[in-house]
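# Reading the structure
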Amino acid sequence: MPFVWLSVLALSAAAVSAQTFQPLRFAGVNIAGFDFGCGTDGTCNITQANPPLTQLGCADGLGQMQHFVKDDGYNVFRLPVGWQYLTYNQMTGVLNETQFANYNMLVNACLTTGAYCEIDIHNYARYDGQIIGQGGPSNEIFAELWSNIANYWKNESSVIFGIMNEPHDIPDIYTWAGSVQAAVTAIRLTGANSQIILLPGDNYTSAETFISSGSADALNTVKNPDGTITNLVMDVHKYLDYDNSGTHAACVTNNIESSWYPLSTWLRENGRQALNTETGGGDVDSCVGYLSQQIGYQAANSDVILGYIGWAAGSFATDYILSETPCYNGTGWDDTLTVSMALSPMTNMLVSSVV
C-alpha cells in the first residue's frame, strides 16, 4: 500500500478522536438499462432503454444481482431509470401505469435478493434540457413525481430514494436545494418515513467539489418535515481516471487527499453522512490498486461514509470500458477483475454484511 495513502489515513485517524472502526454499511453496483438513451441534458430517448430483465427480452439483471449477493457479499443495488420512461414522455409527475410496472419488475427482483434497492431518476436535474425549478419542471411537478413513486413503496424499508442523478451547471444551488426539499417533503408525507433519501449536489454530485461548489452548505438546509435529518444522506460520485469522467480505463488516483478526506471532515463536523453511489474504473491493475485504497479509506471513516456502489452492470456489455457486468459461463458467473479483486466485499472484507 503506497506510503502517501497511509499518511493521509493517519491524518484522518488523528482528526477522529477515539473513533472505533466499523465496517461499511453498503457495497453494491448499479444495475443499468432503464436509463439507456438518457443524456446529460435531461433528454431521454426511451426507445433506447434496455431493461435488465429477461421478462422483457434483455439482460438477466436478477441473475446478476443474485450472484452479486451470494458470491460477492453485495447488499445494495442502484436501479437507474429515465423520468421520461416512467411518464411515457410526458413532463408530469403522473406515472404511466405500464411503464412504472415494467420498472417495478426490476425493483421487486432486487428486493427478492434481500438487498437494498435504490430508485434513481437519471435526469441530471433536468427534463428535456430544462432545469427543475429553474425554468424547467416546477418543484410541484417534481414533488408529485416523487410522491407517486414513494406512495407505492412507502411500506418497503429496503427501498432507497435517489432523488436525482448528477445535477450539473445549476444556476442557483440554493434554489436547487429548494427543489430537493420539495421532493423530500413529498416523500415523507406519503408515510415513507423509514427509508433513506439521497440528496444530490451540483457538478455531477462530485465528492471533490461537494464543499467548494456550495452543495454542502445548501443541502445542509434540507430537513424532514419534522425538522430532523434522519436518513437524509448526501449523494456523491467519484471516479478515478485523470479527469473524473469515468470514461477512461486507467485509474490515476485514490481520491483520498482531494476528495474523501475533506468530505469526511465536513460530514463529521456537520453531523451528516454520505453514500458514494457511483465509482469505478477499468478492468486494469491500476484500478484494482486505487479502488482498494479508496474503499479502505471509506471504511476507516464509516461513521460518515456509508459505502460505495460501482458503475456499472445490468445491460452494459462486458466490453464497456467501466463494465462490472459478470459473464455467465453456463454454470455460474465470472466477475470482472475490479469486482473480484477490489470491489467485492468477499475480497476486501470491509462491509458489515460479510464481516
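None of the values given here were measured: they were computed from a predicted structure.

### A few points about the state of the cysteines
With the rule as written, the count across this model stands at three disulfides. Here cysteine 38 connects covalently by a disulfide to cysteine 44, the sulfurs 2.0 Å from one another. Taking the sign of the S-S torsion, about 110° here, the bridge from cysteine 38 to cysteine 44 comes out right-handed. In this structure cysteine 44 comes out as buried when scored by relative accessible area, which is 10%. Note on cysteine connectivity: cysteine 110 is disulfide-linked to cysteine 117, with sulfurs 2.1 Å apart. Torsion about the S-S bond of the cysteine 110 and cysteine 117 cystine: about -100°, corresponding to left-handed handedness.

### Side note on unusual backbone geometry
With omega at 0°, the peptide bond leading from tryptophan 311 into alanine 312 counts as cis. Note on placement: alanine 312 falls in strand S10 (residues 305–314). Even without being a glycine, alanine 125 presents a positive backbone phi close to 65°. Tracing the backbone shows alanine 125 in the loop between strand S3 (116–121) and strand S4 (126–127).

### Here we look at the layout of surface pockets
Remark: the empty space left among the atoms is shown by a probe the size of a water molecule rolled over them. Its boundaries defined by the atoms lining it, the largest pocket holds a volume of some 440 Å³. Around the largest pocket sit 24 residues that line it, and Tyr124, Glu166, Tyr239, Ser245 and Glu278 are the ones nearest its centre. Residues belonging to the lining of the largest pocket are distributed by class as follows: 10 nonpolar, 10 polar and four charged.

### Topic: the UniProt feature "domain: Glycoside hydrolase family" (unreviewed entry) in the protein chain
Per the UniProt record, the feature "domain: Glycoside hydrolase family" (unreviewed entry) sits at residues 61–311. Annotated as residues 61–311, this span is 42% helix and 17% strand, and its ends, taken at the C-alpha atoms, are 14 Å apart.

### Some thoughts on the pattern of salt bridges
As enumerated under the stated definition, the model contains six salt bridges in all. Here glutamate 278 ties to arginine 78 by a salt bridge, and the two come within 2.9 Å at their closest N and O atoms. In this pair, glutamate 278 is assigned in strand S9 (residues 274–279) and arginine 78 in strand S2 (residues 76–81), connecting sequence segments 200 residues apart. Taken individually, glutamate 278 and arginine 78 each receive the classification buried, so the pair is uniform in this respect.

### Here's the deal with the packing of aromatic side chains
Where two aromatic rings form a pair, the distance of their centres and the angle of their planes describe that pair. Scanning the model with the defined rule gives 16 aromatic pairs in all. Plain terms: the ring middles of phenylalanine 34 and tyrosine 103 are 5.4 Å apart, the flat faces sit at 85° to each other, and that makes the pair edge-to-face. On the criterion of sequence distance, the pair formed by phenylalanine 34 in the loop between strand S1 (26–32) and helix H2 (61–72) and tyrosine 103 in helix H4 (residues 97–112) is long-range, its members being 69 residues apart. Across the pair, tyrosine 103 and phenylalanine 34 agree in class, each one buried. Within the aromatic cluster, the residues linked to one another by ring pairs are Phe36, Trp311, Phe316 and Tyr320.

### Observations concerning the sheet that holds strand S8 (residues 232–237)
Hydrogen bonds between backbone atoms are what pair the strands of a sheet, whose relative direction is either parallel or antiparallel. Read around the closed barrel, eight strands run S1-S2-S3-S6-S7-S8-S9-S10, paired in parallel fashion. Averaged over all neighbouring strand pairs, the angle between strand axes comes to 30°, with direction disregarded. The sheet contact formed by strand S7 (residues 197–200) and S8 spans four bridges and is parallel. Within S8, the position partnered with leucine 198 by the bridge is valine 233.

### Quick word on helix H9 (residues 256–270)
If you check H9, its first and last C-alpha atoms are 19 Å apart, about what 15 residues at 1.5 Å a residue would give, namely 21 Å. Along H9, the residues classified as buried are Ile256, Ser259, Trp260, Leu263, Ser264, Trp266 and Leu267. Residue glycine 271 follows H9 closely and has a positive phi angle near 65°.

### What about the side chain of arginine 78?
For arginine 78, a relative accessible area of 0% puts it in the buried group. A polar side-chain atom of arginine 78 sits 3.3 Å from a polar atom in the side chain of glutamate 118. Only 3.2 Å separates the side chain of arginine 78 from the side chain of aspartate 120, close enough to count as a polar contact. In contact with arginine 78, other than residues within four places in its own chain, are Val29, Asn30, Ile31, Glu118, Asp120, His122, Asn165, His237, Thr277, Glu278, Ile309 and Trp311.

### Considering the pairing of S2
Here S2 lies mainly inside the structure; six of its six residues are buried. Once you follow S1 into H2 and on to S2, the crossover reads as right-handed.

### Notes on the nonpolar core
Formed by 86 residues in total, the largest nonpolar core has its most connected members in Phe77, Phe142, Trp146, Ile149, Phe161, Ile163 and Leu199. Those residues in contact with phenylalanine 77 that lie beyond four places of it in its chain are Val29, Ile31, Met65, Phe68, Val69, Cys110, Thr113, Ala115, Tyr116, Cys117 and Glu118. Counting nine residues, the second-largest nonpolar core is a separate cluster that includes Phe26, Ile160, Leu306 and Ile309.

Definitions and limits used
- Residues numbered from 1 in each chain as written.
- Predicted model: local features only at pLDDT ≥ 70, side-chain atom pairs only at ≥ 80, totals over all residues.
- Heavy atoms only, no water.
- Disulfide = S-S within 2.5 Å.
- Buried < 20%, exposed > 50% of the residue type's maximum accessible area, 1.4 Å probe, protein only.
- Helix = DSSP H or I, 4+ residues; strand = E, 2+ residues; numbered from the N terminus.
- 1 Å grid on protein atoms, 1.4 Å probe; cavity = no way out; pocket = protein on both sides within 12 Å on 5 of 7 lines; lining within 4 Å.
- Points joined across faces, edges and corners; volume = space filled by probe spheres on them.
- Nonpolar A, V, L, I, M, F, W, Y, C, P; charged D, E, K, R; others polar.
- UniProt positions renumbered as here; feature names shortened; annotations may be inferred.
- Salt bridge = Lys/Arg side-chain N within 4 Å of Asp/Glu carboxyl O.
- Phe/Tyr/Trp six-rings, centres within 6.5 Å; stacked < 30°, edge-to-face > 60°.
- Pairing = 2+ DSSP bridges.
- Axes fitted to C-alpha atoms, helices over the stretch in contact; angles between N-to-C directions.
- Expected span 1.5 Å × (residues − 1).
- Polar contact = N/O pair within 3.5 Å; in protein donor to acceptor, adjacent residues only side chain to side chain.
- Contact = heavy atoms within 4.5 Å.
- Right-handed = clockwise from strand over helix to strand, strands pointing away.
- Core = buried A, V, L, I, M, F, W, Y, C linked by side-chain atoms within 4.5 Å.

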